[in-house]
Amino acid sequence: MPRLDDVLAPDGTRIRWWDNGAVGRPGPDVVISNGLGAAPAAWPFLGGDGRPNPTTPRAVTWHHRGLGGSERPADPMRISIADHVDDMFAVMDAAGIEKAAVVGWSVGVAIAFEAARRAPERVSSLLVLGGVAGGGFRTGPSWAPSFVSRGISTASAWSLRLVGPPVAGLISLLPRSMDVSGLAALSPPPLQTLAEVAREFSHHDWTWFSTMVLAAGREPAIPVSSISVPTTVVAGEFDTMAPVEEMVALADSVPGARLVRLPGTHFLPLQFPDVLEAELADLRSGRR
């Protein structure tokens, strides 16, 4: 059965982590390097809906510092990609996982690549989507100069502290019958998953969340040309947060990486779970 637990990161920060409970399944375990503030519910094919099936691999993830039950660090500057990687390895150690297939989404992509760069012996493969390997904010209109794109992204991240609370208020009005844990017969599975993810996301402290996003936007690029594990990069054709051209460039930079393009947005785990499940299965089995 899925469970939550706590572990101390190397700097003493208490990190809340999640385990889908599918212990002992064949093949490498899976670590979800989630999007910032995203819930396990975003990954139903990995048991994030609380109902892993007999073929679901064991999967663990964690809540980022100051979000979802994890503690804020005593030093508020300790929210770098390196700190998040420390948290990931602390969770793997607590779960008894020596080596794992790592799934990275959004900000979690940079964390996944840094983990593979720092300790390749602990990462068997990478499935990354909706994010790049650091390098600061670069998203925005493809025709815009980079300084304009960075300005747009930075302003958008800061504005979360203003627009987040009213949006959260609207999300709180969603009927609980739409949640995965509610009356499933009242809404189809995709809407159940979306409702639960949105509700959990709405509980964040938006000023702190904005601070975390801004910190991620200041991160330098992670060199990926030395990545030696099998890697699949999945790009959403309509992703405005991680434009498809940047995902293509990322795939070109990782030796031997496979590129998959899907007609989706930034929220590919909710839009194409079957495709992602198949790609992950290929990586875990060594077919990639």
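- In the annotation of an unreviewed UniProt entry, the entry for the protein chain reads Alpha/beta fold hydrolase, and the organism field reads Actinomycetospora atypica.

## Some details on the overall build of the protein chain
Here comes step 1: The helix and strand inventory of the protein chain stands at eight helices and eight strands.
Here comes step 2: For the protein chain, the proportion of its 288 residues judged to be buried stands at 53%.
Here comes step 3: For the protein chain, the proportion of contacts with a sequence separation of at least 24, taken over those separated by at least 6, is 72%.
Here comes step 4: With the model as given, the accessible surface of the protein chain reaches about 12400 Å², and the carbon-plus-sulfur share is 61%.

## Some remarks on the sheet that holds strand S6 (residues 123–129)
Here comes step 1: Reading across from one edge, S1-S2-S4-S3-S5-S6-S7-S8 is the order of the eight strands in this open sheet, with mixed pairing throughout. Strands at the two margins of the open sheet, each flanked by one partner only, are strand S1 (3–8) and strand S8 (258–262). Across the sheet, the mean angle from the axis of one strand to that of its neighbour is 20 degrees, orientation sign disregarded.
Here comes step 2: Of the strand pairs in this sheet, S6 and strand S7 (residues 231–236) are connected by four bridges, and their pairing is parallel. Its bridge partner being in S7, leucine 126 is matched across the sheet by threonine 231.
Here comes step 3: Docked against the sheet, helix H6 (residues 244–253) engages S6, S7 and S8, running at close to 170 degrees with respect to S7.
Here comes step 4: Docked against the sheet, helix H8 (residues 273–285) engages strand S3 (29–33), strand S5 (100–105), S6, S7 and S8, running at close to 160 degrees with respect to S6.

## A word on the pairing of strand S2 (residues 14–19)
Looking along a regular strand, one sees the side chains alternate between the two faces of the sheet.
Here comes step 1: Relative to S2, S1 is paired through six bridges, and the arrangement is antiparallel. Looking across to S2, one finds that arginine 3 is bridged to aspartate 19.
Here comes step 2: Remark: five residues form the turn of the hairpin made by S1 and S2, two consecutive strands paired antiparallel; glycine 12 in that turn has positive phi of roughly 90 degrees.
Here comes step 3: Direction of pairing for S2 relative to strand S4 (residues 59–62): antiparallel, over a ladder of three bridges. Looking at the pairing, tryptophan 17 lines up with tryptophan 62 of S4.

## Thoughts on the packing of helix H1 (residues 81–95) against helix H2 (residues 107–118)
Pairs of packed helices are described in terms of their axes, by the angle between the two and the distance that separates them.
Here comes step 1: The geometry of H1 relative to H2 is characterised by a closest axis approach of 9 Å and an angle of 70 degrees between their N-to-C directions. For the element pair H1 / H2, the angle class is roughly perpendicular. Residue-level contacts link Ile81, Ala82, His84, Val85, Asp86, Met88 and Phe89 of H1 to Val107, Ala110, Ile111, Glu114, Ala115 and Arg118 of H2.
Here comes step 2: Classifying every residue of the contact of H1 with H2 by side-chain character gives nine nonpolar, one polar and three charged.

## Quick notes on H1
Here comes step 1: With 15 residues, H1 extends 21 Å between its outermost C-alpha atoms, agreeing within 8% with the 21 Å of an ideal straight helix rising 1.5 Å per residue.
Here comes step 2: Counting buried residues in H1 gives twelve out of 15 residues, a clear majority hidden from the surface.
Here comes step 3: The set of residues buried in H1 consists of Ile81, Asp83, His84, Val85, Asp86, Asp87, Met88, Phe89, Ala90, Val91, Met92 and Ala95.
Here comes step 4: Downstream of H1 by one or two residues, glycine 96 has phi in the positive range, about 75 degrees.

## Section: the environment of tryptophan 208
Here comes step 1: By the element assignment, tryptophan 208 lies in helix H5 (residues 206–217).
Here comes step 2: Judged by relative accessible area, which is 7%, tryptophan 208 ranks as buried.
Here comes step 3: Each C-alpha atom, one on tryptophan 208 and one on leucine 67, is 8.4 Å from the other, the two residues being 141 residues apart in sequence.
Here comes step 4: Among all residues touching tryptophan 208, those that are not within four sequence positions of it are Arg65, Gly66, Leu67, Arg72, Pro73, Pro76 and Ile79.
Here comes step 5: At a separation of 2.8 Å, a polar atom in the side chain of tryptophan 208 contacts the main-chain carbonyl oxygen of arginine 65.

## As for the packing of aromatic side chains
Here comes step 1: Taken as a whole and judged by the stated rule, the model has three aromatic pairs.
Here comes step 2: Between the aromatic rings of tryptophan 105 and phenylalanine 267, the centroid separation amounts to 6.3 Å while the plane-to-plane angle is 80 degrees, which identifies the pairing as edge-to-face. In this pair, tryptophan 105 is assigned in strand S5 and phenylalanine 267 in the loop between S8 and helix H7 (268–271), connecting sequence segments 162 residues apart.
Here comes step 3: Residue classification places tryptophan 105 among the buried residues on the basis of a relative accessible area of 5%.
Here comes step 4: Classification of phenylalanine 267 by relative accessible area gives partly exposed; the value is 42%.

Calculation rules
Within every chain, residues take consecutive numbers counted from 1 along the sequence as written. Local features are withheld for residues below a pLDDT of 70 in this predicted model, meaning they are given only at 70 or higher, and side-chain atom pairs are given and counted only at 80 or more; totals for whole chains, interfaces and linings count all residues. Side-chain numbers come from the whole structure's heavy atoms, not from hydrogens or water. For the purposes of this entry, the term helix denotes a DSSP run of H or I that reaches at least four residues, the term strand denotes a run of E that reaches at least two, and both are numbered from the N terminus. Accessibility here uses a 1.4 Å probe with only protein chains present; expressed as a share of the type maximum, an area under 20% marks a residue as buried, one over 50% as exposed, and anything in between as partly exposed. It only takes one pair of heavy atoms within 4.5 Å for two residues to be counted as in contact. Surface accessibility in these figures is a Shrake-Rupley result with a 1.4 Å probe; residues are shielded only by whichever protein chains are displayed. Each pair of strands is called paired provided DSSP finds at least two bridges between the two strands. Note on definitions: angles span 0 to 180 degrees between N-to-C directions of axes, and those axes are lines fitted to C-alpha atoms, for helices only across the stretch in contact. When an angle is under 35 degrees it counts as roughly parallel; over 145 it counts as roughly antiparallel; between 65 and 115 it counts as roughly perpendicular; any other value is oblique. We call Asp, Glu, Lys and Arg charged. Ala, Val, Leu, Ile, Met, Phe, Trp, Tyr, Cys and Pro are nonpolar, and the rest, Gly among them, are polar. One less than the residue count of a helix, multiplied by 1.5 Å, gives the span that helix is expected to have. The term polar contact refers here to a pair of N or O atoms within 3.5 Å; inside protein, the definition further demands a hydrogen-donor-capable atom paired with an acceptor-capable atom, and it admits residues adjacent in sequence only when both atoms are side-chain atoms. Note on ring pairs: Phe, Tyr and Trp rings are taken, using the six-membered ring of Trp, and paired if centres are within 6.5 Å. Classes follow the plane angle, with under 30 degrees stacked, over 60 edge-to-face and the rest tilted.

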